[in-house]
Amino acid sequence: MSSLNASLATALSGLTAAEGAIAATTNNVANANTPGYSREEPVLVSSDPVVLTPLTYGTGVTLQSIQSVRDPILLSQIQQETQSSGQFNSLVSALQQLQTNFTGTSSGIGAAISNFFDSVNQLSTNPTDLSLRQGVITAANNLATSFNTTANALTQQQGNLDLSVVQSVGQINQLTRQIAQLNGQISNLQNVGENAGTLVDQRQQVIDQLSSLVDVSVIPSDNTLTLTTANGVPLVTGQQSFQLTTQTNSAGLHEVYSQGNNITSFITSGQLGGTLQARDQQIPAVENQLDTLAAGLANSVNAVQVAGFDLNGNAGTDLFTPPPAGGTGAAASLSVAITNPSLIAASSDGTSGSNGNAEALYALSTQGIISGQNPSDYYSGIVFNVGNATSSASAEQTASSQVLQQLNDQNSTVSGVSLNEEAANLVQYQQAFDASAQVITTINDMLYAVVNMSTLTG
């Protein structure tokens, strides 16, 4: 009787294990299309045997656990590439918007420079013609307006990027709070031996979202994990999250702080890193070049203008308002200082018919007055640099996206659900369940027979 009872317990263990395996398979099938879901596998182990000398009897099977299938190294690679992809996505978006200010061929600063010098060249053919003189002033105003418009557009874009910094920090704080909360839930389940696979999947998805925003390092520890930025600034430790804050600097732009320390310069990846790169490096570099061009052009034109004589034979005065000392803000503040066309100093000797100074003004168009380059070539260099930066970032964005897609495909192969495989597993576990049930039925019949025999012999 005792042997039959032991056999019944062994068969029941097989029935229970098969039932648990079927439940895991059913859950896999149900979540086949769930984003971020990791396939679950039942872990079956032999139960401890019973030794009755000289024989050893098996005691069945134990469903030790149901574990999610993950590749930690692959997940780490996806996380790192997600950071790069987020950085290039935000950087390319900013550079493409920046590039729109420098793509026009019939408008914009480049065309305004050409039109200004063309108007001066036309004036040199008839320096007493008031309409040609007015044409110079009009072209100068258009040139100043082009500089103002472009500089203001860059300032506005920088301001929009600054708002994005604040928004990204808010999103980062929200995600770190979620991760800290999930850490607690996962730890509570794992401490009592429960399966926390679903919550781990949710946490991994939140970590991926966080990685797209900022550079993140993940440090597993026991039943929880710690998150830091790439340079070690803590974001999450167990069930505690550390909130980032923003403070404005002297330029009115927001910088990122953690526990009172400025960490802005250490953020290099993720959308926040790309945004900071565009706001603090790319746009200021273009602004400096525009200021150099505007200041150099205005100073050179003014120098020639004051060396000549106007239509009344008086010494010339500045055509453009003198730019700020050092040139900073010259593009945004560039303006025309005169409105009277007779004040254009076209004459080089004080006579009204002289065009020597007009020709000297026109000669500036081919002279290296801006860092050794003529104005048009210097501006073309700005356009080239912006276009080249956009092209390079776009190429890196494409490469990063392709690598990330390949890594996600590999992860789907490792952790994703194959319905064909699950169907085969379901048949296998169903057969095991049926076999265990048949054994139980057989043992039950045998026990019934033994009981009846005992009754008859009694």
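The following paragraphs examine the structure supplied in this document. On a predicted model such as this, the values are computed, not experimentally measured, just so you know.

### Things to note about the overall build of the protein
Then, number 1: Regarding its fold elements, the protein presents ten helices and eleven strands.
Then, number 2: Expected size for 458 residues packed as a compact globule is a radius of gyration near 23 Å; at 38 Å, the protein overshoots this value by more than 25%.
Then, number 3: For the C-alpha atoms alone, the extent of the protein along its principal axes is close to 145 × 45 × 30 Å.
Then, number 4: Each of the 458 residues in the protein was classed as buried or not, and the buried ones make up 41%.
Then, number 5: In the protein, 69% of the contacts between residues at least 6 apart in sequence involve partners at least 24 apart.
Then, number 6: Per element, the accessible surface of the protein, about 22,200 Å² overall, is 51% carbon and sulfur.
Then, number 7: Averaged over its 6 positive side-chain charges, the protein has a centre that lies 6 Å from the centre of its 29 negative ones.

### Quick look at the packing of helix α4 (residues 130-191) against helix α6 (residues 270-307)
Then, number 1: Closest axis-to-axis distance for the α4/α6 pair is 10 Å, and the angle between their directions is 165°. Here α6 runs roughly antiparallel to α4, going by the angle between their axes. Crossing hand, α4 versus α6: left-handed.
Then, number 2: Looking at the contact of α4 with α6 residue by residue, the classes come out as 17 nonpolar, seven polar and three charged.

### Things to note about the pairing of strand β9 (residues 244-248)
Then, number 1: In this sheet, strand β10 (residues 254-258) lies alongside β9 in antiparallel orientation, the contact comprising five bridges. Bridge pairing in β10 places Leu-244 opposite Ser-258.

### Here's the deal with α6
A turn of α-helix holds 3.6 residues, and therefore any two residues three or four places apart point the same way.
Then, number 1: Between its first and last C-alpha, α6 extends 55 Å over 38 residues, near the 56 Å set by a 1.5 Å rise per residue.
Then, number 2: In α6, a bend of some 35° at Ala-278 exceeds every other bend along the element.

### Some remarks on the pairing of strand β5 (residues 217-221)
Then, number 1: Alignment of β5 against strand β6 (residues 224-228), held across five bridges, turns out to be antiparallel. Residue pairing for β6: Val-218 is matched across the bridge by Leu-227.
Then, number 2: Where β5 folds back onto β6 in an antiparallel hairpin, the turn is made up of two residues, including Asp-222, whose phi is positive at roughly 50°.

What counts, and where the lines are drawn
Residues numbered from 1 in each chain as written. Predicted model: local features only at pLDDT ≥ 70, side-chain atom pairs only at ≥ 80, totals over all residues. Heavy atoms only, no water. Helix = DSSP H or I, 4+ residues; strand = E, 2+ residues; numbered from the N terminus. Rg over C-alpha atoms; globule rule 2.2 N^0.38 Å. Buried < 20%, exposed > 50% of the residue type's maximum accessible area, 1.4 Å probe, protein only. Contact = heavy atoms within 4.5 Å. Areas by Shrake-Rupley, 256 points an atom, 1.4 Å probe, with all protein chains shown as cover. Lys, Arg positive; Asp, Glu negative; His and termini not counted. Charge placed at Lys NZ, Arg CZ, Asp CG, Glu CD. Axes fitted to C-alpha atoms, helices over the stretch in contact; angles between N-to-C directions. Parallel < 35°, antiparallel > 145°, perpendicular 65-115°, else oblique. Left-handed = near helix turned anticlockwise from the far one by under 90°. Nonpolar A, V, L, I, M, F, W, Y, C, P; charged D, E, K, R; others polar. Pairing = 2+ DSSP bridges. Expected span 1.5 Å × (residues − 1). Bend = angle between axes of the 7 residues up to and from the residue.

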